[in-house]
Amino acid sequence: MIERPTAWPDGSPMGGENGYPPEWHEWARECEIKYVARQMLKVPQAQRRAVHAQWVKRFPHATPERVKSVWNEVVEEERATRQRNKTQQKRHNATKTQQ
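So, a few notes on the structure that sits alongside this text. Remember, it's a predicted structure, so these values are computed and weren't measured experimentally. (Residues numbered from 1 in each chain as written. Predicted model: local features only at pLDDT ≥ 70, side-chain atom pairs only at ≥ 80, totals over all residues. Heavy atoms only, no water.)

## Observations concerning the packing of helix H1 (residues 22–41) against helix H2 (residues 48–56)
Interaxial distance between H1 and H2 falls to 9 Å at its minimum, and their mutual angle equals 145°. Helix-helix and strand crossings are classified by hand; for H1 and H2 the assignment is right-handed. Across the interface between the two elements, Tyr35, Val36, Gln39, Met40 and Leu41 from H1 touch Arg48, Val51, His52 and Trp55 from H2. Of the residues that constitute the contact of H1 with H2, the class distribution is six nonpolar, two polar and one charged. (Axes fitted to C-alpha atoms, helices over the stretch in contact; angles between N-to-C directions. Helix = DSSP H or I, 4+ residues; strand = E, 2+ residues; numbered from the N terminus. Left-handed = near helix turned anticlockwise from the far one by under 90°. Contact = heavy atoms within 4.5 Å. Nonpolar A, V, L, I, M, F, W, Y, C, P; charged D, E, K, R; others polar.)

Next comes the structure, spelled out in structure tokens:
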């Protein structure tokens, strides 16, 4: 019978769930909560609770309180992304007119 390994090939110890440390799992859950918040941002405000209810089936740890805790961060990321895309579009249009 093959014995279960207790360390990765680089020598670091295996631990936690499926060989990943608990911090990794917490980070992954936070990423999933941010994903739910982004999905909620994509729909009109009146439909956000329904979208949350849909996603909480897949990610039960995405409680309304946890979504609220990352909401401002997600909104700022979306704003920054939109602003960056506008800037890139302006640069692209400017280079097209110079050609």
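Resuming the write-up.
## What to know about the nonpolar core
One finds Ile33, Val36, Ala37, Met40, Val51, Phe59, Ala62, Val67, Val70, Trp71, Val74 and Val75 forming the largest nonpolar core, which totals 12 residues. Of all the elements in the fold, those that place two or more residues in this core are H1 and helix H3 (64–98). The leading source of residues in this core is H3, at five residues. (Core = buried A, V, L, I, M, F, W, Y, C linked by side-chain atoms within 4.5 Å. Buried < 20%, exposed > 50% of the residue type's maximum accessible area, 1.4 Å probe, protein only.)

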